[in-house]
Every structure is written in C-alpha cells, then in structure tokens.
2 protein chains.
Amino acid sequence: MALNKKEDFSSKDQELASFAKALSHPARIAIIKLLAQQNSCICGEIVEVLPLAQSTVSQHLKELQMAGLVKGTIDGTKSCYCINWENLEKCIQEFTGILNTLDEQKTIACC
Amino acid sequence: MALNKKEDFSSKDQELASFAKALSHPARIAIIKLLAQQNSCICGEIVEVLPLAQSTVSQHLKELQMAGLVKGTIDGTKSCYCINWENLEKCIQEFTGILNTLDEQKTIACC
DNA sequence: TTTATTTATCGTATATTTACGATATTAAAT
DNA sequence: ATTTAATATCGTAAATATACGATAAATAAA
C-alpha cells in the first residue's frame, strides 16, 4: 500500500501542494523569514539561530532549494542561501490567487 | 531520534506551518477547491471525483477538519462538509501577510 | 603541508503520512 | 424487523519525513 496517488491529481494542484509542503515545517518557515529579513545571505548563521543540528538545517535548506523557494551559492568554505524571489512570488500569487477566488464564493456556503 | 523539535519554534511559525501542512497534499487542495466551487456541501460526491478510496478521502477530510479549514455536519446517513470560512480567511491573511511583507524586502537580496 | 573551518552527505532510528480493505455505526428504505 | 446506503474508524503495510552523529569534501589559515 501507500501507493503514490499524487500524480493522479492535476499538475496545478500538485504544484500548489508542493509549495505548501515546503512551508509545512516551522523550521522552514523560520528559515524563509530569516533569509528575507537579513540584508545579506546567511549560511552557518542559520544553524546558530535554529534549535536544530547542523545536518538537520542543511537538510531543510536542501528541501527549500528543491522546492525552488531558495537558491544557494558556494562562497569559499561557506554557503550562501538566498530567497528565490521569482519562485516565491509565483508561490505567493498561486496561493493568494486560489484562496482569494475561493473567498469570493463565500456567500454560497451552507453550513 | 526524530525528536519533536517543532515546539521549539515560535507559535506563529508553528501555526503557519500547520496551515501549510493541511494544504500539502493535492487531494486536500482538490477537496478545498471542490467544497468552495460547489453551491452546496459535498459528502460522498468527493469520493466519486477523487482517485482515492472512501476511507482515504474520509481521512483527508478529517485532517482538513482538524486543521480548522473545513467543518462537517451530519445529515441523515450522509455527511456534509463545508469550508470553515472564518479560519480559511485567517489562513489567507497569514499567508499573504507573511509573503507580502517578505516580498517588500526583495531589493536587498544578494544572490 | 598540516590543521582548522564550514558545509554536505551518509547511515540510521524513529515518527508520521498515505493508502487500502474490512468492519462498525447510524439512519433510511423496504 | 431486515436490508440497504453512507460514512467513520480500525488495523495494517509501505513510503516519507524528521532528526542526529559521524564522516567526507573542499577551502582557508597556520
């Protein structure tokens, strides 16, 4: 069991779910906020701030990167992560888009 | 291992992550869309539309309900699920809020 | 060249999620 | 009273996610 049925849904729904999934852990929310608030890229500083081991933070960063919400560049021994604004904006638009259009139909709800 | 570290993050971040998690599966995105688009509450019709077994759909509905995005009422042998607009709006606001304020800081990104 | 620093990856343990069939429950229909 | 219908829950299997320590890899500093 536990067959992968996700591909049976529309690619739009899959994409939305995938963005949501990237944001579905408080550590990743915190990382996104940190990267955006900082005036410069952050690397090992994230590890200092978060209550997680270095390897775990690295894992979360990789997930954000694979979801396309963050991009990383190597700078000497250090790694520099930044928000991928192009994709984050797409994410924002898709979410606000779907949620707002749903919100317009609010009056019809029955219970 | 696999200790639960989620509680070490701010309650705001936890709440956001929890909303995101509820939307992190395409089946639940599809259910939310269905419930909003339909002029009346849907119950077993969701099962007809989704490529999943009845028990699996029921499980997803329960998750949406526990996340507060959906509410259900019993109507005879049938169950009626509706969007919980109060909470969905809160969810919308939190997401657009955080994402838009992040977006305002876009110019400072370095890579 | 050796050592220290930084980060990614590997291996691994545990927890959670996803999915289904089978069954229980409840109300309607016969 | 029995049967049918609709849905929730239970049990369970498999997949994923979460977390860490240990280690590898690559550059910088000594």
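Thresholds, definitions, all that
- Residues numbered from 1 in each chain as written.
- Chains lettered and ligands numbered in written order.
- Predicted model: local features only at pLDDT ≥ 70, side-chain atom pairs only at ≥ 80, totals over all residues.
- Heavy atoms only, no water.
- Helix = DSSP H or I, 4+ residues; strand = E, 2+ residues; numbered from the N terminus.
- Buried < 20%, exposed > 50% of the residue type's maximum accessible area, 1.4 Å probe, protein only.
- Contact = heavy atoms within 4.5 Å.
- Areas by Shrake-Rupley, 256 points an atom, 1.4 Å probe, with all protein chains shown as cover.
- Near = heavy atom within 4 Å.
- Polar contact = N/O pair within 3.5 Å; in protein donor to acceptor, adjacent residues only side chain to side chain.
- Nonpolar A, V, L, I, M, F, W, Y, C, P; charged D, E, K, R; others polar.
- 1 Å grid on protein atoms, 1.4 Å probe; cavity = no way out; pocket = protein on both sides within 12 Å on 5 of 7 lines; lining within 4 Å.
- Points joined across faces, edges and corners; volume = space filled by probe spheres on them.
- Axes fitted to C-alpha atoms, helices over the stretch in contact; angles between N-to-C directions.
- Parallel < 35°, antiparallel > 145°, perpendicular 65-115°, else oblique.
- Left-handed = near helix turned anticlockwise from the far one by under 90°.

Participant: Before we move on, can you summarise the overall build of chain A with the specific residues and values?
Facilitator: Looking only at helices and strands, chain A features 5 helices and 2 strands. Reading the helices (α) and strands (β) of chain A from amino to carboxyl end gives α-α-α-α-β-β-α. Expressed as a percentage of the 111 residues in chain A, the buried residues total 44%. Across chain A, the fraction of contacts at a sequence separation of at least 24, relative to all contacts at a separation of at least 6, is 47%. In the structure as shown, chain A presents an accessible area of about 6,000 Å², 48% of it carried by carbon and sulfur atoms.

Participant: Talk me through the protein's contact with DNA strand C; I want residue IDs and the actual numbers.
Facilitator: Around DNA strand C sit 28 residues, and of these A:Cys43, A:Gln54, A:Ser58, A:Tyr81 and B:Lys21 come closest. Within 4 Å of the protein, the contacting atoms of DNA strand C are drawn from sugar and phosphate to the extent of 66%. A distance of 2.5 Å is found between a phosphate oxygen of DNA strand C and a side-chain nitrogen or oxygen belonging to A:Tyr81. Measuring from a phosphate oxygen of DNA strand C, one finds a side-chain N or O atom of B:Arg28 at 3.1 Å. The leading source of residues in the surface near DNA strand C is helix H4 (residues 54-66) of chain B, at 5 residues. The class makeup of the residues in the surface near DNA strand C is 9 nonpolar, 13 polar and 6 charged.

Participant: Account for the layout of surface pockets, naming residues and giving values.
Facilitator: In this structure, the largest pocket spans a volume of roughly 300 Å³. Lining the largest pocket are 13 residues, with A:Leu52, A:Thr56, B:Ala2, B:Leu3 and B:Lys5 positioned closest to its centre. Residues that form the lining of the largest pocket fall into these classes: 6 nonpolar, 5 polar and 2 charged.

Participant: I'd like a rundown of the packing of helix H2 (residues 26-37) of chain A against helix H1 (residues 11-22) of chain B, residues and numbers included.
Facilitator: Helices that pack against each other are described as a pair by the angle of their axes relative to one another and the distance between those axes. Between H2(A) and H1(B), whose axes approach to 8 Å, the crossing angle comes to 115°. Classified by the angle their axes make, H2(A) and H1(B) are roughly perpendicular. Crossing hand, H2(A) versus H1(B): right-handed. Here A:Pro26, A:Ile29, A:Ala30 and A:Lys33 of H2(A) lie close against H1(B), whose contacting residues are B:Lys12, B:Asp13, B:Gln14, B:Leu16 and B:Ala17.

In short, shape yes, function no, at least from these values alone.
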